[in-house]
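Coordinates in review
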Amino acid sequence: MTEAKNIMTNSGASSNTLREFFPPREVPQPKEINFVVGTQSDGDQKRYQVELDVNFDCRVGDLLEAKDNRTDRHYLLMVVDIDYAFPHKTEHAQMLDLLRRRPDKEVDDPTFRALCKNLAICTLLGEIQEREITERGYRPSKYTTTAVEASSHTEKLMASEWQIGVNIGSLRVGRENRPNVPVRFSTVELVGKRFLIVGQTGKGKSTAMRQLLDGHLRAMSSKQENRQVGFLVDDFKMEYPFDTYNQAGETVPGLISKLGAVSKDKLVILSCNPDEYREHTHRIRDIVQLQLPLETLSLSVLCDLANLTEAQTNVVRLIEDTGKKTSEFFSDLLAVDEYGMPNTVIWGRKYGPMFYSAAGKKKVKKGEEISEEEDIDKGLRDRLSYIRRAVQRLLKMPFMTRNASYGDCTGKLLQYLREGCTIIVDKNQLEDHEREMLTVVLLYHIFRHNQGMASGSKEQRDRMIPVVAAIEEAQYLLSQDKVADPDSIFAKIAFTGRSYQIGLLAITQRPQAIQKELLGQFDGFLVLPLEHANDFRHLADACPALSGYRNDLASAPIGGGVIAYGSPKKIVSVQIENYL
Ligand SMILES: Nc1ncnc2c1ncn2[C@@H]1O[C@H](COP(=O)(O)OP(=O)(O)O)[C@@H](O)[C@H]1O
Ligand SMILES: [Mg+2]
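Residues numbered from 1 in each chain as written. Chains lettered and ligands numbered in written order. Predicted model: local features only at pLDDT ≥ 70, side-chain atom pairs only at ≥ 80, totals over all residues.

Identification of the protein as DUF87 domain-containing protein from Laspinema olomoucense D3b is taken from an unreviewed UniProt entry.

See below:
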């Protein structure tokens, strides 16, 4: 500081003294005359402008290693766009004119070269230290910082924080893949986290899932990983366990084909139609019939699932307050009279005055019995019949049973998850609303189990089952209208899974449909190329670290993506390995 002052006051010597602060001049090699010449802003993000030597070849996604001669610091930059270094001026127009029409005339070489120069717009990934890329608050200085293509050693640093867990592919630099720099991802750490796999159809979401599941199953089976983590995985096409074909007609192997003994040990199928898969019985751990008893749902979950109105929900609350068992409520609700018609009279008889109509009240006063429909309040009767129909619709779903005596798979479900199995939930033949309902009911059971243990002794807490639920088309479950009511089961699943050792691995091609606040709370993202610019913007709002990667993603080859994870977000461009 004092030296700086001297320069300012001692005006005579100022120019020479100032020069001393500049490093000795080095003449860079051709192709290396790439100078940081300024900054610009892109939304909230600062970008560095690197004026490129005309002979230097670079593209979006490339990594540049920059050296600041003044401070002797090294930085890592990523090219996010390429622009022209100089604006077009009158003298340039004249020169172009000469070029086009007067081959005999000399053109002014320096101006011509300047005209041809490009500017790389870069994002600063961090400062390069010996073994890592860090953020220590330093920034490249203007003019004394030159950039060259990053060395392979430096590139490798990009993946240094991605060396634990399942191998999912390798480092990607722009359109190029670095097969000798693996990228790993910890599936076990997803417990209690929220992670989004997002990308347009056909860009490799399922392929990424196959890599994760394959690696996870192997890890769980090898016993090297001492923490058993269960996976519950949506499968709309039964494409994970079994071989399928892709659009090019190639066979995409299923987990069973690739895993052999591992799938026998740890892979379970949960299906409404287990008979369809009997031929595979000897190759997997178990095929379990999906049977979820209605009675195991709480009444408030029922209200959420059946999407009841406020008035209807109030009726259910009244009943809840009577302290009667859920099972009794359901059997009363579904009770029929001697003619097979819904029996509403039972409500007056069992649940008392709150259900009486004016006529009913009179009768009771006179000491008579509640005996016919008119004795029951009309409004309540209507609401009950709506609730009845909703329950009947729920019961019609192929995975619901009336009560445990008709079948109950929840015990097996929890047991297999506890053992670290991967359970593939067969949603192949289900309707959209059934698929969604199934997810909620399954998650509710896991949630309830872990919640029950969470507040107990250490021994009980150890009985919580660490689970990761992979949910396809997750935008429906995580949409604004679903998660808006904080007391609903949807909001519980979306917002509070964290404390109950439940991880959410959401898969979608429509990130915009996910509630914004919720998206902002995601711990990580695997972003594959997206269809709409708006989709990317929505994601970058939720995770600003992604914002520099829009062009990188747009130009990435198939299987190319970006992972952002943790806090602060670590980020890596990745080439997911094809599953063959
Ligand atoms: N990482 C990858 N490497 C090479 N090809 C891939 C990769 N990911 C996907 N593909 C190709 O694209 C096809 C569709 O991929 P898929 O994972 O089913 O996409 P999505 O689930 O996003 O619709 C695959 O069958 C494969 O041919
Ligand atoms: Mg898919």
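There is more to say after this.
Across the 5 residues that make up strand β14 (residues 267-271), a large majority, 5, are buried. Burial along β14 is two-sided: the residues L267, I269 and S271 and V268 and L270 are all buried. Here β14 pairs with strand β18 (residues 422-426) via 4 bridges, running parallel. Bridge pairing in β18 places V268 opposite I423. (Buried ≥ 20, exposed ≤ 12 C-beta atoms within 10 Å, placed from the backbone. Helix = DSSP H or I, 4+ residues; strand = E, 2+ residues; numbered from the N terminus. Pairing = 2+ DSSP bridges.)

Attention now moves to unusual backbone geometry. In this structure, the amide linkage connecting S567 to the following residue, P568, adopts the cis form with an omega of -5°. Mapped onto the elements of the fold, P568 is located in the loop between β22 (560-565) and β23 (570-576). Phi is positive for Y143, close to 70°, though the residue is something other than glycine. Looking at Y143, the number of C-beta atoms within 10 Å reads 15, which means it is partly exposed. One non-glycine residue with positive phi stands out, namely Q501, at about 60°. Structurally, the position occupied by Q501 is in the loop between α20 (489-496) and β20 (502-508). By C-beta crowding, Q501 is classed as partly exposed, having 19 other C-beta atoms within 10 Å.

So, about helix α6 (residues 205-222). Counted at 1.5 Å a residue, the expected span for α6 with its 18 residues is 26 Å, and the 26 Å between its end C-alpha atoms agrees. Immediately beyond the C-terminal end of α6, within one or two residues, lies K223, with a positive phi of roughly 70°. (Expected span 1.5 Å × (residues − 1).)

It is worth spelling out the site of ligand 1 at this point. The environment of ligand 1 is made up of 15 residues, and the closest members are G204, S206, N246, G559 and N578. Per-element tally for the shell around ligand 1: the top contributor is α6, with 3 residues. Grouping the constituent residues of the shell around ligand 1 by class yields 4 nonpolar, 9 polar and 2 charged. (Near = placed C-beta within 6 Å. Nonpolar A, V, L, I, M, F, W, Y, C, P; charged D, E, K, R; others polar.)

Before going further, it helps to spend a moment on the pairing of strand β8 (residues 166-173). Sheet analysis places β8 next to strand β9 (residues 176-185), joined by 7 bridges and oriented antiparallel. When the bridges of β9 are listed, N167 appears paired with R184. If you look at the hairpin formed by β8 and β9, you'll find 2 residues sitting between the two strands, and G174 has a positive phi there, around 60°. Where β8 and β23 come together, 3 bridges link them in antiparallel fashion. Across the sheet, residue S170 finds its bridge partner in β23, namely Q575.

Taken domain by domain, the protein consists of domain 1 (22-157), domain 2 (191-290 + 409-524) and domain 3 (295-400). On a C-alpha basis, the centres of domain 1 and domain 2 stand 46 Å from each other. (Domains from an automatic or database assignment.)

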